[in-house]
Number of protein chains: 2
Amino acid sequence: MTVDTSADTGAPAIRARRMGLLSQHEAIILMRSDCHVCRAEGLYARAQVVISGPDGRQAYATLYQVEDDWLAPGEAGLSEALWNRLGVAAGTPLHIRHAPPLESLSSVRRRVHGQRLSAEAYRGIVDDAAAGRYTDIHLAAFLTASSALPLDQDEVIALTEAMVDAGDRLAWPAGIVVDKHCVGGLPGNRTTPIVVAIAAACGLTMPKTSSRAITSPAGTADTMETMALVDLDLKGMRRVVEQEGGCIVWGKAVNLSPADDVFIRVERVLDIDTEGQLIASVLSKKIAAGSSHVVLDIPVGATAKVRTDEAGEALARALEGVAAHFGLTTRCILSDGAQPVGRGIGPALEAHDVLAVLQNDPNAPQDLRRRACLLAGAALEIGGVAPAGEGARKAEQVLAGGQAWAKFQAICRAQGGLRTPGVASQRRPLLATHGGRVTHINNRKIARLAKLAGAPDVKVAGVRMFVRLGDEVQAGAPVLDVHADSPGEMAYAMDYAHHNPDLLEIEA
Amino acid sequence: MTVDTSADTGAPAIRARRMGLLSQHEAIILMRSDCHVCRAEGLYARAQVVISGPDGRQAYATLYQVEDDWLAPGEAGLSEALWNRLGVAAGTPLHIRHAPPLESLSSVRRRVHGQRLSAEAYRGIVDDAAAGRYTDIHLAAFLTASSALPLDQDEVIALTEAMVDAGDRLAWPAGIVVDKHCVGGLPGNRTTPIVVAIAAACGLTMPKTSSRAITSPAGTADTMETMALVDLDLKGMRRVVEQEGGCIVWGKAVNLSPADDVFIRVERVLDIDTEGQLIASVLSKKIAAGSSHVVLDIPVGATAKVRTDEAGEALARALEGVAAHFGLTTRCILSDGAQPVGRGIGPALEAHDVLAVLQNDPNAPQDLRRRACLLAGAALEIGGVAPAGEGARKAEQVLAGGQAWAKFQAICRAQGGLRTPGVASQRRPLLATHGGRVTHINNRKIARLAKLAGAPDVKVAGVRMFVRLGDEVQAGAPVLDVHADSPGEMAYAMDYAHHNPDLLEIEA
């Protein structure tokens, strides 16, 4: 016998109220502890509940209870995230009950206890996570458990496949669809907009979907957003690619591998990004986006995410192994990760560097230009529009000739119009305490500094570097500027800078 | 140079408002996104903030932002947990700024990446967790990381010591202070109130602090609370023990190993309780409570927490090894964990069983009585008030003679007066689908059923068993009753029961 809980409880409806409550992604529902639904259902504070609207749409949420008259007993106050997910109007009657137990959590517990999981188990976890049924506690447990005991190749494949299947999957008329991705860890390494512009200018199809920052001060989507719209839907993205051959949009907006964005939010809080999750994250997005050929940039440096050539090569092999399982051709490029790329670190500051390179500004950071040409060259070669060994040269020509800049402008126009990245209201320099040669730049601490200044949430915040490894500096000369948009964040970042003199090392 | 952020930002005060927001333990602050503090400090939704009152008291909290007039721009709305932690009055000016980065989180990240941690690292983690500086995401990551790669003995010792030092530590005039603890996993195994009554009646000092449920339908503190006050402070606890020789209070209320309660809340959500955390949890409480001798009950059964004798003996050795490091004498008893103990499962239902045993009610569950005497006997022996091998017999005499019941009543009177455990408003039987002999009882599923009915949050909710292993039942006879206090939870539990016919197995 099955008991139909919805009929059995006869829970009366309660009416939706939009609270204007900003909670990022978190679905929160506020109800009076003395309301009839809480009483009838035995709901308590922080219970997980499932909410159904009259059109049958459902969403999971965390319940907070209120014992005060700012919420009426017949009201269900919804956070903005939940309001948008349910798509209801004010006063709509809602049905609210305990969320049923999630079978997939027993898989998470098995992994927490050190057991490996089947493909079916990963499917259950990913489907529930993508549908918003996991609390942050459950997400943190899953992500941590798959780091402390690293995922093996079978598990990474299973996770990747489940992540692809949980969202939409694109298909393109072109036989060859190229993509590029940087595994991260190097502040300012914002080559993607330049690479897409070059590749598309050379006739390749490059429908680029990017993430927002995980643990860094800026993701490509964060930077691109300061120059054009990035939250295009699938139809909008198709239109841009059909018209211009390439785009740079936020992956989330087109529902590719939606679980990835759920995982990334929690990884960002934890400041972790481990190999198995990294590979599944990168490849699930590429496979879902319909890519056939991918160039992977793996920066290696003492303070980059990948610290040694051996680790870089191991990661390259792991990426290639999983990619091959899905019929994806990859080329991994181990690049110099000893110091930040370009001058700006933070969404708008990096956008200014990108624009300078595309515009052939003589003051543009040459390291960013060289890296972009190297990666674009690899894309041209695996994409079959440049002979082996000739890609980088061809990329440089397309950039120098202005075709890349013209293409970038066209892409931005198609993405709602080219925007001018903003400038922070507050800037403060960090001065060299003594003269000498710059011998070390700590990527992690520079990134931390930019984040404390407000990046990536504050688009114009971050760090602008004035020196590179090997430069000679005078005592009292500025080595970098901190950019912030609030006095609190500026003070906060400067405090960190003054407590961490090893941000940069200068040898007399 | 150090920048004084508080002076530098000049953040103006904002006034405390009590919102009547129930969020369990979670410290939540609500502020208008357009208020001057959010603007000046660059605060965003879900930022971690530190809040200072005029008396210098500080608390960490998660910020949610409001874009609606139910909160005024000059108000800081506090959840009940935060209100109580700060101890402010309505309208008190508060200073709010970004929480500084926690150094101890880099230790958590190291463990997430599979590295072992030093004693100093555990101290940092435990101190921050106990002070409420960790979000649930960070707590989940730490607990999971110390499960997927289990803690080694040095780590368990370091964690235990840090947990003891993070709270108060009791000292008692008696040279011998006994304690008992069950590692859990067996529904209804509520021997503690009986053991304390017997031990104290025999003149031993037994200042018992108990936890609330972690993953079970009831903890001893939950059950005891239906019979007396358990949230005594240290002074109150001392008074009870000086007067009666024993007490049964909630450990949290006396601030013993406060980090343990923080960890347990998240373990409960995750439904995990791994060996290293279990040992540190148990022993930190015992050491902080000033115990010198501890009896540990380890139920072993196919569906108990410990499933085999080998696992039970390994856990016993691990517990004894860590206990010895702290000069604590332990006796581990592997007990029968094949089926629930007594009849009731859930706080009030278990209390009724405890009272029946103490009152020598002829219908009292005899298995609970025997187990209580076995454990009390071990306490009497290691406590030096019964010769080896004679403890259980002496315990039985003290129980049968009514001295234990008299002592229990005296303890409850000292703890604010004996209460009568309540009874659920709704009961529904589960009927045998066919006749035969009961061959298996699934502890985990029975516990799940009691939790779905509302236990331990709803004190009167749970399960009452009518059968034990080996009993003959007729088709259509009730095998158990589900007790609930709301139609939703009753429907929910019955639905689970009907979908899980293997709760009990009956062989024809």
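Owing to the predicted nature of the structure, the values given are computational and were not obtained by experimental measurement. (Residues numbered from 1 in each chain as written. Chains lettered and ligands numbered in written order. Predicted model: local features only at pLDDT ≥ 70, side-chain atom pairs only at ≥ 80, totals over all residues. Heavy atoms only, no water.)

K.L.:
Mind laying out the overall build of chain A, listing which residues take part and the relevant values?
P.N.:
If you tally the helices and strands in chain A, you get 19 helices and 18 strands. Against the globule reference of 23 Å for 508 residues, chain A gives a C-alpha radius of gyration of 24 Å, in line with a compact fold. A total of 508 residues make up chain A; the buried ones form 61% of that total. Here the contacts in chain A between residues at least 6 apart in sequence split such that 78% fall between residues at least 24 apart. Side chains of chain A carry 51 positive and 58 negative charges; the gap between the two charge centres is 3 Å. (Helix = DSSP H or I, 4+ residues; strand = E, 2+ residues; numbered from the N terminus. Rg over C-alpha atoms; globule rule 2.2 N^0.38 Å. Buried < 20%, exposed > 50% of the residue type's maximum accessible area, 1.4 Å probe, protein only. Contact = heavy atoms within 4.5 Å. Lys, Arg positive; Asp, Glu negative; His and termini not counted. Charge placed at Lys NZ, Arg CZ, Asp CG, Glu CD.)

K.L.:
Tell me about the sheet that holds strand E12 (residues 344–345) of chain A, residues and numbers included.
P.N.:
All names here are of chain A. Taken in spatial order, the four strands of this open sheet run E12-E15-E17-E13, and their pairing is antiparallel. In this open sheet, the two edge strands, each paired with only one partner strand, are E12 and strand E13 (426–431). Taken together, the two bridges between E12 and strand E15 (residues 462–465) define a ladder with antiparallel strand orientation. Bridge pairing in E15 places Ile345 opposite Val463. (Pairing = 2+ DSSP bridges.)

K.L.:
Report on the relation of the copies chain B and chain A, specifying residues and quantitative values.
P.N.:
Taken as rigid bodies, chain B and chain A are interconverted by a rotation of 180° and an axial shift of 0.0 Å, the fit giving an RMSD of 0.0 Å. On this basis, the relationship between the two copies can be described by a two-fold rotation axis. Take the interface residues of chain B: 100% of them recur as interface residues in chain A, which is what a same-surface contact looks like. (Least-squares fit on C-alpha atoms with pLDDT ≥ 70 in both.)

K.L.:
Before we move on, can you summarise helix H13 (residues 309–325) of chain A with the specific residues and values?
P.N.:
Quick reminder: α-helices carry 3.6 residues per turn. Residues three or four places apart thus point the same way. All names here are of chain A. Between the first and last C-alpha of H13 there are 24 Å, a value that for 17 residues agrees with the 24 Å anticipated at 1.5 Å per step. Taken together, the buried positions of H13 are occupied by Gly312, Leu315, Ala316, Leu319, Val322 and Ala323. All buried residues of H13 project into a common sector of 140° when viewed along the axis, lining one side. More than 90 degrees from the buried face of H13, the exposed residues found are Glu310, Arg317 and Ala324. Buried residues along H13 sit against helix H7 (153–165), helix H12 (275–288), strand E10 (293–300) and strand E11 (329–336). (Expected span 1.5 Å × (residues − 1). Arc of directions from axis to C-beta.)

K.L.:
Tell me about the interface of chain B and chain A, and please be specific about residues and values.
P.N.:
Across the boundary between the two partners, chain B contributes 70 residues, which contact 70 residues of chain A. Summed over both partners, the interface of chain B with chain A comes to about 6000 Å²; 62% of that surface belongs to carbon and sulfur atoms. Between the two partners, chain B and chain A, sit six salt bridges. Counting across the chain B and chain A interface gives 22 residue pairs in polar contact (both at pLDDT 80 or more). Looking at side-chain class alone, the side of chain B that touches chain A contains 31 nonpolar, 21 polar and 18 charged residues. (Buried area = accessible area lost by both parts, 1.4 Å probe. Salt bridge = Lys/Arg side-chain N within 4 Å of Asp/Glu carboxyl O. Polar contact = N/O pair within 3.5 Å; in protein donor to acceptor, adjacent residues only side chain to side chain. Nonpolar A, V, L, I, M, F, W, Y, C, P; charged D, E, K, R; others polar.)

K.L.:
Explain the pattern of salt bridges residue by residue, including any values.
P.N.:
One pass over the structure, following the stated rule, counts 58 salt bridges over all chains. Of the charged contacts, one joins Arg212 of chain B and Glu225 of chain B as a salt bridge, the two residues approaching to 2.9 Å between their closest N and O atoms. Of this pair, Arg212 of chain B sits in the loop between strand E8 (206–210) and helix H9 (220–225) while Glu225 of chain B is found in helix H9, placing the two residues 13 residues apart along the sequence. Put simply, Arg393 of chain B and Glu390 of chain B hold a salt bridge, and the shortest N to O gap is 2.8 Å. Taken together, the shared-partner salt bridges in this structure form one network comprising Arg111, Arg116, Asp152 and Glu155 of chain A.

K.L.:
Help me get a handle on unusual backbone geometry, residues and values and all.
P.N.:
Residue and element names in this part refer to chain A. With an omega of 0°, the peptide bond running from Ala455 to Pro456 counts as cis. For Pro456, the position within the fold is in the loop between helix H18 (443–452) and E15. The backbone of Ser257 sits at a positive phi, close to 45°, despite the residue not being glycine. Mapped onto the elements, Ser257 comes out in the loop between strand E9 (246–250) and helix H11 (258–270). Judged by its relative accessible area of 0%, Ser257 falls in the buried class. In this structure, Asp271 is a non-glycine residue whose phi angle is positive, near 60°. Position of Asp271 relative to the elements: it lies in the loop between H11 and H12.

K.L.:
Hey, could you go over empty space enclosed by the protein for me, with residue numbers and the actual values?
P.N.:
Scanning the entire structure with this criterion turns up four cavities of 30 Å³ or more. A volume near 60 Å³ is recorded for the largest cavity. Forming the boundary of the largest cavity are Leu21, Ile28, Leu30, Tyr64 and Trp70 of chain A together with Leu21, Ile28, Leu30, Tyr64 and Trp70 of chain B. Those elements that place two or more of their residues in the lining of the largest cavity are strand E2 (28–32) of chain A together with strand E2 (28–32) of chain B. Here the lining of the largest cavity is composed, by residue class, of 10 nonpolar, no polar and no charged. (1 Å grid on protein atoms, 1.4 Å probe; cavity = no way out; pocket = protein on both sides within 12 Å on 5 of 7 lines; lining within 4 Å. Points joined across faces, edges and corners; volume = space filled by probe spheres on them.)

K.L.:
Provide a residue-level description of the packing of aromatic side chains, including the pertinent values.
P.N.:
A full pass over the atoms with the stated rule returns seven aromatic pairs over all chains. Ring geometry for Trp405 of chain B against Phe408 of chain B: centres 6.4 Å apart, planes inclined by 20°, an arrangement best described as stacked. With Trp405 of chain B and Phe408 of chain B both in helix H17 (residues 403–414), this residue pair falls three residues apart, about one helical turn. Lying over the aromatic face of Trp250 of chain A, Arg212 of chain A brings its terminal NZ or CZ to 4.0 Å of the ring centre. (Phe/Tyr/Trp six-rings, centres within 6.5 Å; stacked < 30°, edge-to-face > 60°. Lys NZ or Arg CZ within 6 Å of the ring centre and 35° of its normal.)

K.L.:
Give me the lowdown on the state of the cysteines, citing residues and values where you can.
P.N.:
Two cysteines, two sulfur atoms, one covalent bond between them: this is a disulfide. Taken as a whole and assessed by the stated rule, the structure comprises zero disulfides over all chains. Free cysteine Cys35 of chain A: the closest other cysteine sulfur is in Cys38 of chain A, separated by 3.6 Å. Among the cysteines around Cys247 of chain B, which has no disulfide bond, Cys412 of chain B carries the closest sulfur, lying 11 Å off. Taking relative accessible area as the criterion, Cys247 of chain B reaches 0% and is therefore assigned buried. (Disulfide = S-S within 2.5 Å.)

K.L.:
Explain the confidence of the model for chain A residue by residue, including any values.
P.N.:
Residue and element names in this part refer to chain A. Overall, the predicted model of chain A reaches an average pLDDT of 92, with 97% of residues at or above 70. When the criterion is pLDDT under 50, residues 1–11 qualifies, and its contacts beyond four places in sequence or with other chains add up to 21 contacts. For this predicted complex, the interface confidence reaches an ipTM of 0.81, while the overall pTM sits at 0.83. (pLDDT = per-residue confidence, 0-100.)

K.L.:
Describe the packing of helix H8 (residues 192–201) of chain A against helix H17 (residues 403–414) of chain A, and please don't skip the residues or the numbers.
P.N.:
Residue and element names in this part refer to chain A. As a packed pair, H8 and H17 sit with axes 8 Å apart at the nearest point and diverge in direction by 105°. Judged by the angle between their axes, H8 and H17 are roughly perpendicular. Packed against H8, whose contacting residues are Pro193, Val196, Ala197, Ile198, Ala200 and Ala201, the element H17 presents Gln403, Ala404, Lys407, Phe408 and Ile411 at the interface. Of the residues contributing to the contact of H8 with H17, the split by class is nine nonpolar, one polar and one charged. (Axes fitted to C-alpha atoms, helices over the stretch in contact; angles between N-to-C directions. Parallel < 35°, antiparallel > 145°, perpendicular 65-115°, else oblique.)

K.L.:
Summarise the side chain of Ser23 of chain B; cite the residues concerned and give the values.
P.N.:
Turning to its location among the elements, Ser23 of chain B is positioned in the loop between strand E1 (14–22) and E2. Relative accessible area serves as the criterion here: at 2%, Ser23 of chain B is assigned to the buried category. Engagement of the side chain of Ser23 of chain B in a polar contact is seen with the backbone oxygen of Glu26 of chain B, the distance being 2.6 Å. The contacts of Ser23 of chain B, once residues within four sequence positions are left out, are Ala45, Arg46 and Tyr64 of chain A together with Ile28, Ser79 and Ala81 of chain B.

K.L.:
Which residues make up the sheet that holds strand E7 (residues 178–182) of chain A, and what are the values?
P.N.:
All names here are of chain A. Judged by pairing direction, the sheet is parallel, and its three strands sit side by side in the order E7-E10-E11 without closing on themselves. Here the strands that pair on one side only, and so sit at the sheet edges, are E7 and E11. With strand direction ignored, the average angle separating the axes of adjacent strands in the sheet is 20°. In this sheet, E11 lies alongside E10 in parallel orientation, the contact comprising eight bridges. Pairing of Val294 across the sheet is with Thr330, part of E11.

K.L.:
Please give an account of the nonpolar core that cites residues and values.
P.N.:
Ile198 and Phe408 of chain A together with Ile198, Phe263 and Phe408 of chain B are the most contacted members of the largest nonpolar core, which has 226 residues in total. Residues within four places of Ile198 of chain A in sequence aside, it is in contact with Ala376, Leu380, Ala395, Val398, Leu399 and Ala404 of chain A. (Core = buried A, V, L, I, M, F, W, Y, C linked by side-chain atoms within 4.5 Å.)

K.L.:
Help me get a handle on the environment of Ile29 of chain B, residues and values and all.
P.N.:
Residue and element names in this part refer to chain B. Along the chain, Ile29 turns up in strand E2. In this structure the C-alpha to C-alpha distance between Ile29 and Glu41, which are 12 residues apart in sequence, comes to 15 Å. Aside from chain neighbours lying at most four places away, what touches Ile29 is Val49, Ile51, Ala61, Thr62, Leu63, Tyr64, Ala76, Gly77, Leu78, Leu82 and Ile96.

K.L.:
So, the pairing of strand E3 (residues 48–52) of chain B: which residues are in play, and what are the values?
P.N.:
Residue and element names in this part refer to chain B. Counting buried positions along E3 gives four out of five residues, so the element sits mostly inside the fold. Examined bridge by bridge, E3 and strand E4 (residues 58–66) share five bridges and lie antiparallel to one another. Within E4, the residue paired with Ser52 across the bridge is Gln58. Adjacent in sequence and paired antiparallel, E3 and E4 are bridged by five residues, among which Gly56 carries a positive phi angle near 85°.

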